[in-house]
Structures are given as structure tokens and as C-alpha cells.
Amino acid sequence: MKSIQISSLAEYKELYQKSVDDPQGFWEEVASHFTWRQKWSHVLKSDFITPDVRWFEGGKFNITENCLDRHIEKNGDTPAILWEGNNPETPSVVLTYKQLLSEVNKCANALKSLGIKKGDRICFYMPMIPQVAVAILACARIGAIHSVVFAGFSANALADRIKDSECKLVICSDYNRRGNKNIPVKEVVDEAIAMGCDSVEKVLVYNATGQSVNWNNDKDIWWENIVPQQNDVCEPEIMDAEDVLFILYTSGSTGKPKGVVHTCGGYMVYTCYTFLNVFQYKPGDVYWCTADVGWITGHSYIIYGPLLSGATSLMFEGVPTYPDSGRFWQVCEKHKVNQFYTAPTAIRALMASGYDEPDKYDLSSLKVIGSVGEPINEEAWNWYYEKIGHKNCPIVDTWWQTETGGILISPLPGITDMKPCFASYPLPGVQPCLVDTNGVELEGNNVEGLLCMKFPWPSILRTTYGDHERCRTTYFSTFNNKYFTGDGARRDEDGRYRIIGRVDDVINVSGHRIGTAEVEDAINQHEHVIESAVVGFPHNIKGQGIYAYVITNGAIGEENAFRKQVLDVVTKEIGPIAKPDAIQIVTQLPKTRSGKIMRRILRKIAEGEFDNFGDTSTLLNPECVEDLKNGALTLN
Ligand code: WTA
């Protein structure tokens, strides 16, 4: 695969230009490096209005053949997955490409034996164990569509996602070990299914910890009873490039999370291309992405991108602070990790809990270190650069989204320059632009605006599951003929992009996307809550925290007990990641005459900024602003 790796600045510039002048020719060349059973009939058909984007349509193949089979002859004994357990004493597990193929085939045959067919949806609610990768690839092998749900979401949130995509099967484990917690995974699945998930026929349970769980003989099946005994050969289902590969739910500014749909061909080409270029992976390297498989980063850069590239992908079960805040660095030292990819929130937390802690470990194997999910502040960037990279590892600050499938803007290590906090330049094939609120494109450099994409790249989302109109209105209707990212950005004097953050009602908490409307809906479930409004505020560790303003019916009793109940409701409705950091009890919310909450004021107060509210002349109840200020909670 070496030939799709860029190796110099001149080459990047040349390829970038080619990708703009002749996108079809550019991507056709990249796609020709993969194994196809039949060539595509056209490289791209695109319309940003409907929207309707198709890459490599008519091309027939199976992504797992590209992830696994084609590496076997030369690299069958190369480790594909290197697993490190939550507990440092647990022996590491290695699955070579040969072994992984055999495990995937057995699991694929087991899924077939359960009646799973091409196009069926399968929900995952799993910890970070090798079996999650095995089962995801097994779905792809037989053309079933995986919908992985982060195992920190509540039963309610899981049930919503299962129902929306009508999953036939749920794959889970008995329990999940994370740090010193022992989380009852199967119990949450049982609870979710009891909430009317009628589409679920079976639950496949991997016995990860050996603890006892409730059992329903009609539905539940132990993985151990049906997977290991299967034949380890399974002919891959031949898919069209535009067949659906997976659904992944993500939060937006309104309503319930939506199922972002990615298809097989473009996603394969793009994740592999970006993995090889952004991390400059070389054969024999050990690459580690610390994300959870429940997020897009886990899909694209723990599983698909690395395996498509024949890489060794390290998978970690635990948390950065267990047994202590040196764990990441201990794992880097133990496995001589070469590329390390994590989130700013983890960097900030580790920096805060032991500034010099990394000095205890030998991190000399590292070549490239990466960051994803939220803006990285300069202090964290410098610590990462000095303490982890020892000033000789380029930092790749990668900007992208669930909807983009892969990294769109990032430095190329050792090739393009780096500037702290800048995601910098678009990768070949990516055509970003900044627009003002009227959609007028801002020309030239040194400008700030709303970040859009003018042209499709192969792994752009195709639709939102079951609701194409929502896809159109969310991403393609704000600005004419452009994909709108929801982020604000600045382009500096040399054309580098700096991502400022979301401009919509999405909060990015520790790199997790949470919609304000979702949290409000959850808080409103409390019997004594009449109305609530949720905004983000800058948080030292998490990037953004959640600040909730709540109007009650006056019957709440002791305030702190009430606040605790609100946190419990949010945990039940969504999961602990959405718990507000602050709950201010108020009597009114600032509203315009048309009844819209003026969130700008609420954001300012949550930030601790009590002036400069801008134009408040349209407020129906300006008198409430003083009360809001007086009751504001001090944070950070
Ligand atoms: C934010 C994660 C600044 C951004 C892959 C985006 C970033 C949202 C960066 C998508 C970055 C992601 N710098 N902000 N390098 N990377 N973001 O869908 O606001 O979980 O819109 O995808 O994270 O989050 P998602």
C-alpha cells in the first residue's frame, strides 16, 4: 500500500492540486489499490441539493476481504490487533491477521446460523475487547449493518437507538471492566429490550468476566456456545460500493440523536488513505488509538483504517487513570508504540494529575502523536509536544466528524508544518471554505467564518437512517450547494485552519457530542421541572461543561437533593456523560417575544461574563437577567 502514502511537501501540493482539478481521476487512482471483484461503473455522482452522493457505484467487493484476506499471503503472521487489558497484570492478547480472519469467519458463520442476512441491523453494546472488532468485521463480512452504541449510554438511550434502526440482534458482554468499576452490561441490554425493542430476536452475549447474569432462554445465547465451533471459512458477501456498511448515532442541535449512515466503498478508500497519510504508518509499527469503539474514531481509526492498511492496531480496555495516571505511558513503553492518537480531554486530565509523570517512562518509540475530537488548547498542546513527544514527534491535530467518516483537515507529520492549535491544511480531496452567516464565501486569508465543504469526499455521510430529509436540512440546506459542518473556524495568513468550535446547540464534553435539546428533554422528565435550558461553558479539563438553568414548580424541597435527582434523571435518560456540571434554579428564562430562549445571555452568564449581552431589546422579560446574574454559579 506504500504507493498511496505521500512522502514530501512537493508531492502533497501536487496531489492536492490534482484532487481539486480532477477529483474523479485522483480518487480512481487511490481506489485502484484495493481488491475489487468488479470495477465501478462511475467514480462519482454527486448532488448536494437532494443530497445524493455516490462513490464507486457499481464496484463490487467486500471490505473485510480488504481488511483481512488480502494481507494473509504476505503478512498473515503480523499482529492485526494487540489487546491490552484494563488490569496491567492481565496478559496482552495478540491476534495476527490469520487468526483474526479465522475468528471473523467463525463469528460470521455464527451470525448466519442465527438467521442474520445482508442488510439486517445489528446493535453492539460492548466493552473494548477483541471480540468487538471480530463481531464488527463479521457483520461486514456477511453484509449486515452494524450500529455500535457506546457502552456508557443508558438503557433508555440504547433502546431509542435499537428501535430507530430496528435491530434484529444485540451483541453485548456480561460485564465491562473499566478502571475499578465493574459495569453490568447485559443488565442494561435487558432493561433496554424491555422498553419495547420488539425487533430484537436474539442477544449474543460474550462472557468477558465470568460473572452471573440474568438469562432468558428464548432470547439469550452465549457467544462461547455458538461461535468457537463454527467453520473458519466464510465466503464474503459481495457488496456494492454504495451498500450500507454501518449506522452510528450522533447528537445534533435538535431532537434525538440521528443515525449517520456510511456506505462500504468510499468509506474504505478514505479511511485507509487518511490512516496511512496522517499517521505515516510504516510496516512493523505499532499504532495506538485510545478512543472507544462506540465513537466514529474507534470505527475509522482502531478498526477499519488500520486493518485496511495491514497495520498493528493496539486496543485498550481500560481508562487513562487506572491504576494510576501513568497507564497510557506504561502501555506505550510496554508495546513500543510508534503512533499514539488520543483526545485533548485526556491530555489535559493527565497533565493536571501529574505534570512530570510521563518522565518515568521510556517513550522513545513514539514517532507521531495525534489529537482528535475537540480544540486542543495551547498549554495542553505544549505539554503533549514536550512531555510525550520530547519535541521530536509531530502532533497531528486532526479535525473531522462522525458525518465525515474520516479525517478532513490535519497536518501530515514531517511533511506539512505544524502550528499549535491548528488542524492546519485540508487533506487531498478535501475542499473546505469559510462562509459568513449569509452564506457568502470569505475569500483570502486571515478570515473567520463558518466551516463548510464545497465538494464531496468519498466517506461523506450518505443519509441519516430512516429520515433523509433530516440529513438534507441539517447539513445541506443551510448554505447553497455546500456541506455545513456546524463548526466555526479561522484561516490564518498561510491558509491553515484553526477550528474554534461548534456554532450550533451542540456541546462537546470531553470530546463527546451532546445536544442541548437532549439534555433539556432529560431534565424535563423530572416531575418538579417545568422548563429548562442547557448551554455549554468553557471547562478546564473537559473542554466544555454543561450548565443547566431549571425552572421548578416550587415543590422541590432541599435544593441540593433536587440537583442530585436531576443528575440521576439525566444519567437514566442519556448516561453519566451528559450530567450537568452546574444546575441553577431560576424563576424565568430570558425569552424573545416569539417565545425563543435567548441562549446567548445564558451562555455569557455560564461563562461568568455578566456584561456585553448585545442587543436585548427584543426580550420579553429583561428583568430576569439581573436574577440570573445574581444566582449564577461560579465554576472552574
Ligand atoms: C469537534 C469526532 C477542534 C468539532 C471525530 C466537530 C474538533 C466535532 C476536532 C465532531 C479538532 C473534532 N479540533 N474540534 N481537531 N476534531 N472536533 O462527530 O466540533 O464526535 O464538529 O467526531 O468535534 O465530533 P464527532
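Residues numbered from 1 in each chain as written. Predicted model: local features only at pLDDT ≥ 70, side-chain atom pairs only at ≥ 80, totals over all residues. Heavy atoms only, no water.

1. Here we look at the overall build of the protein chain
The helix and strand tally for the protein chain stands at 18 helices and 30 strands. For the protein chain, whose C-alpha radius of gyration is 24 Å, the value lies close to the compact-globule estimate of 26 Å for 636 residues. Taking the principal axes of its C-alpha atoms as reference, the protein chain extends roughly 75 × 65 × 55 Å. When burial is assessed residue by residue, the protein chain has 61% of its 636 residues classed as buried. (Helix = DSSP H or I, 4+ residues; strand = E, 2+ residues; numbered from the N terminus. Rg over C-alpha atoms; globule rule 2.2 N^0.38 Å. Buried < 20%, exposed > 50% of the residue type's maximum accessible area, 1.4 Å probe, protein only.)

2. What about the site of the ligand?
Not every one of the 17 residues close to the ligand is listed here, only the nearest: D397, T398, T402, D487 and R513. With respect to the ligand, the backbone of T398 contributes an N or O atom lying 2.7 Å from a nitrogen atom. The separation between an oxygen atom of the ligand and a polar side-chain atom of R502 is 2.8 Å. Protein burial of the ligand: of its 520 Å² of free accessible surface, 96% is covered by the chains. (Near = heavy atom within 4 Å. Polar contact = N/O pair within 3.5 Å; in protein donor to acceptor, adjacent residues only side chain to side chain. Areas by Shrake-Rupley, 256 points an atom, 1.4 Å probe, with all protein chains shown as cover.)

3. Quick look at the sheet that holds strand β17 (residues 312–316)
Pairing between sheet strands relies on hydrogen bonds along the backbone, with the strands arranged either parallel or antiparallel. Pairing within the open sheet is mixed, and its seven strands lie in the order β5-β4-β17-β16-β18-β19-β20. In this open sheet, the two edge strands, each paired with only one partner strand, are β5 (93–96) and β20 (395–398). Neighbour to neighbour, the strand axes of the sheet diverge by 20° on average, direction disregarded. The pairing of strand β19 (residues 368–372) with β20 spans four bridges and is parallel. Following the sheet pairing, V372 is matched in β20 by T398. Contacts from helix α4 (residues 97–113) reach β4 (79–84) and β5, with the element oriented near 85° to β5. Its contacts with the sheet place helix α10 (residues 296–308) against β4, β16 (286–289), β17, β18 (339–342) and β19, and it is angled at close to 165° to β16. (Pairing = 2+ DSSP bridges. Axes fitted to C-alpha atoms, helices over the stretch in contact; angles between N-to-C directions. Contact = heavy atoms within 4.5 Å.)

4. A word on the packing of helix α2 (residues 23–31) against helix α9 (residues 264–278)
Relative orientation and spacing of two packed helices are given, respectively, by the angle between their axes and the distance between those axes. In the contact formed by α2 and α9, the axes pass within 10 Å of each other and the chain directions differ by 80°. In terms of their interaxial angle, α2 and α9 are classed as roughly perpendicular. Counting all contacts with α2, which are made through F26, W27, V30 and A31, the residues of α9 involved are V269, Y270 and Y273. Here the contact of α2 with α9 is built from residues that sort into seven nonpolar, no polar and no charged. (Parallel < 35°, antiparallel > 145°, perpendicular 65-115°, else oblique. Nonpolar A, V, L, I, M, F, W, Y, C, P; charged D, E, K, R; others polar.)

5. Considering the nonpolar core
Generally speaking, soluble globular proteins have nonpolar side chains that are buried together. Formed by 123 residues in total, the largest nonpolar core has its most connected members in L111 and Y304. Sequence-distant contacts of L111, defined by excluding residues within four places in its chain, comprise I116, I122, A138, C139, I142, L169, I171 and L204. By size, the runner-up hydrophobic cluster in this structure holds 42 residues, among which are F153, A192, I193 and V550. (Core = buried A, V, L, I, M, F, W, Y, C linked by side-chain atoms within 4.5 Å.)

6. A closer look at the pairing of strand β29 (residues 543–552)
Judged by how many residues are buried, β29 sits mostly within the fold: eight of 10 residues are covered. Hairpin connection of strand β28 (residues 529–539) to β29: three residues between the antiparallel strands. Handedness of the crossover joining β29 and strand β30 (residues 582–586) through helix α16 (residues 559–573): right-handed. (Right-handed = clockwise from strand over helix to strand, strands pointing away.)

7. Re the packing of aromatic side chains
Applying the stated criterion across every chain yields a total of 44 aromatic pairs. In this structure an aromatic cluster arises from ring pairing among F26, W27, W36, W40, W55, F56, F61, Y270 and Y273. Over the aromatic face of F153 sits the side chain of R161, whose NZ or CZ is 4.3 Å from the ring centroid. Across the ring face of F422, the terminal group of K419 is positioned such that the distance to the ring centre comes to 4.4 Å. (Phe/Tyr/Trp six-rings, centres within 6.5 Å; stacked < 30°, edge-to-face > 60°. Lys NZ or Arg CZ within 6 Å of the ring centre and 35° of its normal.)

8. Re the sheet that holds strand β23 (residues 463–464)
As summarised here, the arrangement of the eight strands in space is β12-β11-β8-β6-β7-β14-β15-β23, forming an open sheet in which the pairing is mixed. The open sheet has two free edges, formed respectively by β12 (220–222) and β23, since each of these has just one partner strand. Against the sheet, helix α5 (residues 130–142) touches β6 (121–125), β7 (145–148), β8 (169–173), β11 (202–206) and β14 (244–250), its axis set at about 175° to β6.

9. Comments concerning the domain arrangement of the protein chain
For the protein chain, the assigned domains are domain 1 (9–319 + 398–488) and domain 2 (510–630). Each of domain 1 and domain 2 has a C-alpha centre, and these two points are 33 Å apart. Counting residues at the interface gives 17 residues for domain 1, matched by 13 residues for domain 2. Both sides together, the interface formed by domain 1 and domain 2 hides about 1,100 Å², and carbon and sulfur atoms give 45% of it. Across the contact surface, domain 1 and domain 2 share one salt bridge. At the junction of domain 1 and domain 2, the tally comes to eight residue pairs in polar contact (both at pLDDT 80 or more). (Domains from an automatic or database assignment. Buried area = accessible area lost by both parts, 1.4 Å probe. Salt bridge = Lys/Arg side-chain N within 4 Å of Asp/Glu carboxyl O.)

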